[in-house]
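Close look at the chain arrangement
Each chain is listed here by its residues.
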Amino acid sequence: MEIRIEKTTTPKAKPDQSNLGFGKIFTDHMFVMDYEAGKGWHDARIIPYQNISLAPSAMVFHYGQEMFEGLKAYKGKDGQTRLFRPEMNAKRTNESNKRLCIPELPVEYFVEAVKAIVKIDEEWIPTQPGTSLYIRPFIIATDEFLGVAPSKTYKFIIILSPSGAYYASGLAPVGIWIEDEYVRAVRGGMGFAKTGGNYAASLIGQVKAHDDGYSQVLWLDGVERKYIEEVGAMNIFFKINGKIVTPMLNGSILPGITRNSVIHLCKKWGYEVEERKISVDELLEAQKNGSLEEVFGTGTAAVISPVGKLRYCDDVMIINGGEIGPVSQKIYDTVTGIQNGTVEDKFNWITYVK
Ligand SMILES: *Cc1c(COP(=O)(O)O)cnc(C)c1O
């Protein structure tokens, strides 16, 4: 893939690293590539970060034909720039694309594009502990047409956003609201795809949870509203009676790359890992008899988010005394260590940007 590069003539000032937050600041450049039926993906380019111009009739605005990804670049103490399993994001892109009738994007195009744009804006990768450069690739349908059909033209774009440490002072356990009214996805739907529509469906639950003082929503299955699925933008794990348990991928759960990595690590460490159905009743029971030892979410943003409190209807479960558990802490230290280059990359999870 050939990438045309047009550098900015007006570079922006780099932000203050102690106050980055998430998703508010964007770097100097962006990657863009076009798709046209009959021509395929073409015209890969890196250009100054700028607005995009689309017709108001562009299909993405009407029927939501779009997908996105999320990964990060990390700058280690050794000065090297690392990506964590980017080919997994590339493969997942095509799983999402298939479901959304978006044409396939070759895995090597995705990885090359990510490496190239990160390289151009490498100086934007923050270096303070816990900080990283968030990478947001996305594809939108651009045909000017109000009929309901897959678009024949698309744009693949990558933008970059320096992001702050998720935890300013240690891993703080969060409170989670188990949503018993609304659902996020159903089997046969598009829950496994990373697409805006799933998030549009989830906002109402998030607002409800926030209003009640909980930071995240845990979704139940869309049919019986009985089995655990996942948290807003994280997969969920439980340690019950010494075993690591997580909902199996059933089509309505997003197959997280952090989830996959955590399962791999826990198995290597000798834990029994079960991917299966978990009902809310089982959790309530495990909590009552003292076998619910740890609960944590997994995702690129936070790596591990320990859960200190789970609310379901009138029941409030306090997990591990509201403290982070040892397995959660060990996973967090190992994964962030691999990402920063302080823990050996035994599984070949790192791609270097050179
Ligand atoms: C992205 C995402 C996750 C986490 O996936 P990672 O690859 O681990 O970042 C989990 N759930 C949803 C709904 C997501 O969009």
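Let me begin by describing the structure that accompanies this report. Predicted, not measured: the structure shown is a model, and the values here were computed from it. (Residues numbered from 1 in each chain as written. Predicted model: local features only at pLDDT ≥ 70, side-chain atom pairs only at ≥ 80, totals over all residues. Heavy atoms only, no water.)

1. As for the overall build of the protein chain
For clarity, the threshold we go by: Only DSSP runs of H or I reaching four residues or more are called helices, and only runs of E reaching two or more are called strands; each is numbered from the N terminus. This radius of gyration counts C-alpha atoms alone. The globule rule is 2.2 Å times how many residues there are, raised to the power 0.38. Type-normalised accessible area, obtained with a 1.4 Å probe on protein chains alone, sets the label of each residue: buried when under 20%, exposed when over 50%, and partly exposed for intermediate values. Contacts between residues were defined by any pair of non-hydrogen atoms, one from each residue, lying within 4.5 Å.
When its secondary structure is counted, the protein chain shows seven helices and 18 strands. Since a compact globule built from 354 residues should have a radius of gyration of about 20 Å, the 21 Å found for the protein chain is in line with a globular shape. By the burial criterion, 52% of the 354 residues in the protein chain qualify as buried. Put simply, 70% of the contacts in the protein chain that link residues at least 6 apart link residues at least 24 apart.

2. Thoughts on the pattern of salt bridges
Cut-off, in case you're wondering: Whenever Lys or Arg places a side-chain nitrogen within 4 Å of a carboxyl oxygen from Asp or Glu, that contact is recorded as a salt bridge.
Counted under the stated rule, the structure contains 20 salt bridges. The partner of Glu122 in a salt bridge is Lys119, and the shortest N-O contact between them spans 2.8 Å. On the accessibility criterion, Lys119 (36% relative accessible area) is partly exposed. Salt bridges sharing partners connect three or more residues here, namely Arg4, Asp34, Asp43, Arg45 and Lys155.

3. Regarding the site of the ligand
Where we set the bar: Only heavy atoms are used to decide nearness, and a residue is near a molecule or strand if one of them lies within 4 Å of it. Any pair of N or O atoms that falls within 3.5 Å is considered a polar contact. Within protein, one atom must be able to donate a hydrogen and the other to accept it, and sequence-neighbouring residues count only if both atoms are side-chain atoms. Surface exposure here means Shrake-Rupley accessible area, sampled with a 1.4 Å probe, where a residue is shielded only by the protein chains that are shown. Buriedness for pockets is judged along seven lines, at least five of which must meet protein on both sides within 12 Å for an open set on the 1 Å grid over protein atoms alone, while cavities are sets there where a 1.4 Å probe fits but cannot get out, and lining residues have an atom within 4 Å of a point. Think of it this way: a molecule belongs to a cavity or pocket when more than half its atoms come within 2 Å of the grid points there. By the convention adopted, Pro, Cys, Tyr, Trp, Phe, Met, Ile, Leu, Val and Ala count as nonpolar, Lys, Arg, Asp and Glu as charged, and the other residues, Gly among them, as polar.
Residues in contact with the ligand amount to 15 residues; listed here are only the nearest, Lys194, Tyr199, Glu230, Thr258 and Thr300. Measuring from an oxygen atom of the ligand, one finds a side-chain N or O atom of Lys194 at 2.7 Å. Interatomic distance of 2.8 Å between a backbone N/O atom of Ile257 and an oxygen atom of the ligand. About the coverage of the ligand: the protein hides 97% of its 380 Å² of free accessible area. Most atoms of the ligand, that is more than half of them, are within 2 Å of grid points of the largest pocket. When its residues are assigned to classes, the shell around the ligand shows five nonpolar, six polar and four charged.

4. Section: the packing of aromatic side chains
What counts is decided by this rule: Centres within 6.5 Å make a pair out of two Phe, Tyr or Trp rings, where for Trp the six-membered ring is used; the pair is then stacked when the planes are under 30 degrees apart, edge-to-face when over 60, and tilted otherwise. Here, a charge over a ring means that NZ of Lys or CZ of Arg falls within 6 Å of the ring centre while also lying within 35 degrees of the ring normal.
Counting across every chain of the model gives 12 aromatic pairs. Ring centres of Phe237 and Phe296 lie 5.3 Å apart, and the angle between their planes is 5°; this geometry places the pair in the stacked category. On the criterion of sequence distance, the pair formed by Phe237 in strand β12 (residues 235–240) and Phe296 in strand β15 (residues 292–299) is long-range, its members being 59 residues apart. With relative accessibility at 0%, the residue Phe237 sits in the buried group. Classification of Phe296 by relative accessible area gives buried; the value is 0%. Members of the aromatic cluster, connected to one another through ring pairs, are Phe31, Tyr35, Trp41, Phe110, Tyr154 and Phe156. The ring centre of Trp269 lies 4.2 Å from the NZ or CZ of Lys330, which sits over that ring.

5. Observations regarding the layout of surface pockets
Inclusion rule: Grid points are joined across faces, edges and corners, and a volume is the space filled by probe spheres set on the points.
When its volume is computed, the largest pocket comes out at roughly 1,000 Å³. Along its surface, the largest pocket is lined by 50 residues, and Phe22, Tyr166, Ala233, Ala301 and Ala302 are the ones closest to its centre. Of all elements in the fold, only β7 (132–141), β8 (153–163), α4 (196–211), β10 (216–220), α5 (257–268) and β15 reach the threshold of two or more residues within the lining of the largest pocket. Among the elements that take part in the lining of the largest pocket, α4 stands out by supplying four residues, more than any other.

6. Examining unusual backbone geometry
Residue Val303 is not a glycine yet carries a positive backbone phi of 65°. Considering the arrangement of structural elements, one finds Val303 in strand β16 (residues 303–312). Take Val303: its relative accessible area is 7%, and that puts it in the buried class. A positive phi angle, close to 50°, is found at Cys313, a residue other than glycine. Residue placement: Cys313 occurs in the loop between β16 and β17 (315–318).

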